[in-house]
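Commentary on secondary and tertiary structure
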Amino acid sequence: MTDVWSRRAFLSAAGGGALLRGGTAPTTVAAPAGRVDDALRAVWRALLLGGEIPAAQEPFRSRLADLGALAGGWRSTMAPAPGSLWPDLGYAGDPELMMQSYYRLRTMAEAYVRPGTGVTGDGALRSALLDGLDHLHADVYYAGRERYGNWYCWQIGAPQALLDLCVLLYEEVPAAGLVDFCAAVDHFVPDSAVGSYTGTSTGANRVDLCRVLALRGVVGGDPAKLALARDALAPVFPYVTAGDGLYRDGSFVQHTWVPYTGTYGAVLLGGLGMLFALLKGTPWQVTDPGTQIAFDAVERAWAPFLFNGLVMDCVSGRAVSRGLMVADPHQVQQDDHARGHAVLASVLLLAEGANTAERARWRGLVKGWMARDHYSRPLADTALPLASLARLAAVESDASVTALPEPVGHRLFPSMDRATHRRPRWAASLSMASKRIAHYETGNGENLRGWHTGSGMLCWWGADYGNGQYSDAFWPTVDPYRLPGTTVSRKVLADGAGGDWGASRPDAAWVGGTTDGEFASLGQHLRGLGSTLTARRSWFFLADTVVCLGAGIRCSDGTPVETVIDNRNLGASGTHALTMGGVVQPATPGWSAAFHSPGWAHLAGFGGYVMSGSGTFRALREARTGRWSEVNRGGSTKPLTRRYLTLWHDHGTDPAGAGYVHQLMPGATPAQTAARAAASGWLAVLANSETAQGVSVPSLGFTGANFWQAGSAGPLEATAPCSVTVRERPDGTATVCVSDPAREAASLTVVWNRPVAAVLSQPPDLVSVTAGARLRLAFGSLTAAEGAGRQVVVRLG
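This write-up is about the structure you can find in this document. A quick note: this is a predicted structure, and the numbers were derived from the prediction, not measured.

**Topic: the overall build of the chain**
On a plain count of helices and strands, the chain comes out with 18 helices and 35 strands. Its C-alpha atoms give the chain a radius of gyration of 27 Å, near enough to 28 Å, the size a compact globule of 797 residues would have. Taken along its principal axes, the extent of the C-alpha atoms in the chain is 80 × 60 × 50 Å. Split into buried and exposed, the 797 residues of the chain put 64% on the buried side. When contacts within the chain are restricted to residue pairs at least 6 apart in sequence, those whose partners lie at least 24 apart make up 70%. When the accessible surface of the chain is split by element, carbon and sulfur atoms take 53% of a total near 25,200 Å². Considering the chain, the positive charge centre built from 67 side chains and the negative charge centre built from 67 side chains are found 5 Å apart.

Structure representation (structure tokens):
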């Protein structure tokens, strides 16, 4: 059995630590006099428990009672035997279940030491805890034992829980037992585990290993371990240009090929916060100047993917399939909001080590995200650890903290083929794949049908609607061949197709685009996973719309090819009205129809769609039933049914050059959608071919083009593949943004056929620039830009 809930979301039940959540910073902890390890134990205990919690107040009173009941139930069912501590967690062939056993003990220990649980200081619980620790040590986790199965269980999961137990029960565990437990940790996590920044010792995993080493030093009174933990963090801080870690553009990658800001990134965020807090003011304080990169990443890497308290699924990897897990004792569904709440708590923890201005701003951002999370209130999150809950509650009740609004603007992350578009009333994310970034990640039996995530999945949320779109059992019930925004072949794929751990990378280089920070031109040379599908796709992100273009759609799989305009989760019983060209369509599940482009559609409660290309588009209402176990082998087998409204372009079987043009208008009314469809001059499609795709919107001063090869699109010309975004401003200036998403051109010249009086600013790698009747920009190789754009500001003639 494989259960990653227990591994990466352990603290949902345990309540503290730094796997995903983090604890409360010990800003008011008074370290006791005596040995330094005594002081550090006090600090770590405060981090794990969250300091003083108002046990008589809700939601803490109920949560503490639940914790006590859970611990009592586990105590009563504990039955030590060879190969297991509990009958349902036989670990002889699966170290995941050994790790879960430590997690249960960790939860029981928290109930034992926390006031208000009903079992605080209970003698029977104490005896069970000590018996359980001794049994696991004698039977499976001891010095000299050869490990089996997943490395993570032995080097991170189990030792972190064991060392937390040693801190919480330090006065209860015999001295000889502490020595034995430390020896076991030394065996499975030797100093050589952080000897080189490679393999499984990078990024978030490295931070987790450093936590183990630091706590080993605390529990065993070993200053050398503390120094090693501090020093081994150093490779985590610098920006990377390949593989795992933080990139200069704000990307965070783990497992070499997978965008992971929302989960592994959260591990790194919370883990650093815990370690910074533990070591602050000691001889082992982290003073590396590179720590500022981690602090900067709060707004560069994490904030763009947080919206109304959720963290976008496009950066949560295989964790999107961890909805309702069999091993979850609370049977609470995990989702984008739960993951987001964990990130918010980790931001607050890291804030305790930041400067005054950063701390104040981050607390304001967190308070704003909490206040806007109308779909899933953070303080009602029953999976959130008590320490994290206390930290969030403190910010919410702090009148000196002003809630800040959502960040607005466009962010492109070329190092992980992701983008976010933030408007005052809605937000969107785009997921792509290339030879640098996988279509999706599967592994450990998780995310078995996320195949087409990187085929242009376009997700979006409104300020006060649609925030449960991907939270409400979306992943087990959605048609995996019709993820919103994607172009796919309906060729049948096996679960886990493409290979584990990000192996499913397409042989495509041109993926990325340009942005001026508000609007953007993005493109993807699409190559289908496990199919012959190829296409050129572009998205132009604007003020109230996303303009979507497709060209050169080709396939020879002998199966239909579709571009999904949108696929909205209507919930268990939704009957949201669909209007097509002014006519309301049937709301009965099972209804479907075909419509000829051009045309427009409006879905009540969500927004509008304008289809202005040729061809046929279709609509379908359906009720779909699925189980979490179908997308994650550790998931619940309970059937779930959700209703969907799907709109898609039907390209037919084996298309030989199909295309499309449509707009997505979040929050638009029927009248606004109809008006946009009738406004023939609002949008000009400059090109939509396998050479170039481009549009202009004169009212916005916007012109954008993606050149797949040398060519022209309206007023723009390029001598090599590139992306260009032009914004003309009311003050008579314009910004021209240029990038080489493929990172292959030896040189590039871009011409804008528009009179330009002067060049006001230019990047240092621009070889030459000529103004006058037209603007001519000559670049050398832009490979060093790593897909990022270069901006030239001009005064118009």
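So much for the structure itself; the text now carries on.
**Details of the sheet that holds strand β3 (residues 258-259)**
One open sheet accounts for 3 strands, arranged β1-β2-β3; its pairing is antiparallel. Each edge of the sheet is formed by a strand with only one pairing partner; in this case those strands are β1 (245-246) and β3. Taken together, the 2 bridges between strand β2 (residues 252-254) and β3 define a ladder with antiparallel strand orientation. What sits directly across from Q254, in β3, is V258.

**Digging into the sheet that holds strand β9 (residues 455-462)**
An order of β6-β7-β8-β9 is seen for the 4 strands of this open sheet, with the pairing classed as antiparallel. On the outer flanks of this sheet lie β6 (409-413) and β9, each paired with one strand and no other. Across the sheet, the mean angle separating the axes of adjacent strands is 10° when strand polarity is ignored. With 7 bridges connecting them, strand β8 (residues 426-432) and β9 associate as antiparallel partners. Across the sheet, residue S431 finds its bridge partner in β9, namely M457.

**A look at the packing of helix α7 (residues 151-168) against helix α9 (residues 203-220)**
For the pair α7 and α9, the least separation of the axes is 9 Å and the interaxial angle reads 35°. The two elements α7 and α9 meet at a crossing, and its hand is left-handed. Contacts between α7 and α9 involve W151, Y152, Q155, I156, P159, Q160, L163, D164, C166 and V167 on the former and, on the latter, N205, D208, L209, R211, V212, L215, R216 and V219. Its residues assigned to classes, the contact of α7 with α9 shows 11 nonpolar, 3 polar and 4 charged.

**Thoughts on the pairing of β8**
In terms of burial, β8 is a largely internal element, 7 of the 7 residues being buried. Covered by surrounding structure in β8 are W426, A428, L430 and M432 together with A427, S429 and S431, the residues of both alternating faces. Here 5 bridges tie strand β7 (residues 418-422) to β8, and the two strands are oriented antiparallel to one another. Counterpart to T420 in the pairing with β8 is S429. Counting the residues in the hairpin turn of β7 and β8 gives 3 residues.

**Description of the pairing of strand β25 (residues 692-697)**
With respect to burial, β25 is a largely interior element, 6 of its 6 residues being buried. The alternating pattern of β25 places A692, G694 and S696 on one face and Q693, V695 and V697 on the opposite face, and all of these are buried. Examined bridge by bridge, strand β24 (residues 684-688) and β25 share 4 bridges and lie antiparallel to one another. Opposite N688, over in β25, you have Q693 as the bridge partner. In this structure, the hairpin formed by β24 and β25 is closed by a connection of 3 residues. Pairing between β25 and strand β26 (residues 702-707): 6 bridges, direction antiparallel. Bridge pairing links V697 to F702 in β26. Between the antiparallel neighbours β25 and β26 lie 4 residues, among them G701 with a positive phi of about 65°.

**Let's talk about helix α6 (residues 123-139)**
Look at α6: 24 Å from first C-alpha to last across 17 residues, which is about the 24 Å you get at 1.5 Å a residue. When α6 is considered as a whole, its buried residues turn out to be L125, A128, L129, L130, G132, L133, H135, L136 and H137. Looking at the buried positions of α6, the neighbouring elements they touch are α4 (60-77), α5 (95-113), α7 and α8 (175-188). Its side-chain oxygen 3.1 Å from the backbone nitrogen of A124, D122 forms the N-cap of α6.

**Digging into the side chain of S376**
Mapped onto the elements, S376 comes out in the loop between α14 (356-372) and α15 (386-397). Take S376: its relative accessible area is 19%, and that puts it in the buried class.

**Brief notes about the packing of aromatic side chains**
Counted according to the given criterion, the structure contains 22 aromatic pairs. Relative to W475, the ring of F474 has its centre 5.2 Å away and its plane inclined at 85°; by these criteria the two rings are edge-to-face. In this structure F474 comes out as buried when scored by relative accessible area, which is 0%. When its relative accessible area of 10% is taken as the criterion, W475 is described as buried.

**Regarding the environment of P670**
Along the chain, the position of P670 falls in helix α18 (residues 670-678). Under the relative-accessibility criterion, P670 is labelled partly exposed at 36%. Taking the C-alpha atoms as reference points, P670 and A604, 66 residues apart in sequence, are found 8.4 Å from one another. Here P670 is in contact with W600 and H602, once residues within four sequence places are set aside.

**Side note on the nonpolar core**
One recurring pattern in soluble globular proteins: nonpolar side chains tend to sit buried together. Core analysis: the biggest nonpolar cluster contains 159 residues, and Y102, L105, M108, Y141 and L278 have the highest contact counts within it. Broken down by element, the residue count for this core peaks at 13 residues, all from α7. Each residue touching L278, except ones within four places of it in the same chain, is listed here: L40, V43, W44, L47, A214, L215 and V218. Listed in part, the 40 residues of the second largest apolar core include L430, L458, A535 and Y609.

**Some thoughts on unusual backbone geometry**
Across residues other than glycine, the phi torsion is negative in most instances, and most of the peptide bonds are trans. Residue P59 is reached from E58 by a cis peptide bond, and omega for that bond is 5°. As for its position among the elements, P59 is in the loop between α3 (36-49) and α4. Although it is not a glycine, W501 adopts a positive phi angle of roughly 55°. Among the secondary structure elements, W501 is positioned in the loop between β10 (487-489) and β11 (511-515). Although it is not a glycine, R743 sits at a positive phi angle of roughly 60°.

**Considering the state of the cysteines**
Per the counting criterion, the structure on display carries 0 disulfides. The thiol sulfur of C182 is not disulfide-bonded, and the nearest other cysteine sulfur, from C166, lies at 6.2 Å. We note that C314 lacks a disulfide partner, and the nearest cysteine sulfur, in C459, lies 6.9 Å from it. The exposure class assigned to C314 is buried, which follows from its relative accessible area of 7%.

**Here we look at the packing of helix α13 (residues 336-351) against α14**
Taken N-terminus to C-terminus, the directions of α13 and α14 make an angle of 165°; their axes are 9 Å apart at the nearest point. Considered as vectors, α13 and α14 are oriented roughly antiparallel to each other. For α13 against α14, the interelement crossing comes out left-handed. From α13, L344, V347, L348, L350 and A351 reach across to α14, where they touch R359, W362, R363, V366, W369 and M370. Residues belonging to the contact of α13 with α14 are distributed by class as follows: 9 nonpolar, no polar and 2 charged.

Thresholds applied
Per-chain numbering applies: the sequence of each chain, read as written, is numbered from 1 onward. Reporting in this predicted model follows two pLDDT cut-offs: at least 70 for local features of residues, and 80 or more for side-chain atom pairs to be given and counted; totals over whole chains, interfaces and linings ignore these cut-offs and use all residues. Neither water nor hydrogens contribute to the side-chain values; these are computed over all heavy atoms in the structure. Under the DSSP-based scheme used, a helix requires at least four consecutive residues in state H or I and a strand at least two consecutive residues in state E, with every element numbered from the N terminus. Both definitions apply: the radius of gyration is a C-alpha atom measure, and the globule rule equals 2.2 Å times residues to the power 0.38. For the exposure calls, accessible area comes from a 1.4 Å probe over protein chains only, and a residue counts as buried if that area is under 20% of its type's maximum, exposed if over 50%, partly exposed in between. Note on contacts: a residue pair qualifies if any of its non-hydrogen atoms lie within 4.5 Å across the two residues. Exposure was quantified through the Shrake-Rupley algorithm and a 1.4 Å probe, taking into account, for residues, occlusion by the shown protein chains and nothing else. For this count, His and the chain ends are skipped, Lys and Arg are scored as positive, and Asp and Glu as negative. To locate a charge, take NZ of a lysine, CZ of an arginine, CG of an aspartate or CD of a glutamate. Two strands pair if DSSP finds at least two bridges between them. A fitted line through C-alpha atoms represents every axis, and for helices the fit uses only the stretch in contact; the resulting angles, taken between N-to-C directions, go from 0 to 180 degrees. Note: crossing handedness is left-handed where the near helix turns anticlockwise from the far helix by less than a right angle, and right-handed where it turns clockwise. Gly is put with the polar residues, along with every residue not named as nonpolar or charged; the nonpolar set is Ala, Val, Leu, Ile, Met, Phe, Trp, Tyr, Cys and Pro, and the charged set is Asp, Glu, Lys and Arg. The span you would expect from a helix comes to 1.5 Å times its residue count less one. We call two N or O atoms a polar contact when they sit within 3.5 Å, provided that within protein one can donate a hydrogen and the other can accept it, with sequence-adjacent residues counted only if both atoms are side-chain atoms. Aromatic rings from Phe, Tyr and Trp, taking only the six-membered ring of Trp, are treated as a pair when their centres fall within 6.5 Å; an angle between ring planes under 30 degrees marks them as stacked, one over 60 as edge-to-face, and anything in between as tilted. Think of a nonpolar core as a cluster: buried Ala, Val, Leu, Ile, Met, Phe, Trp, Tyr and Cys residues, connected wherever their side-chain atoms sit within 4.5 Å. When two cysteine sulfur atoms lie within 2.5 Å, the pair is treated as a disulfide. The scheme is simple: roughly parallel for angles under 35 degrees, roughly antiparallel for over 145, roughly perpendicular for 65 to 115, oblique for anything else.

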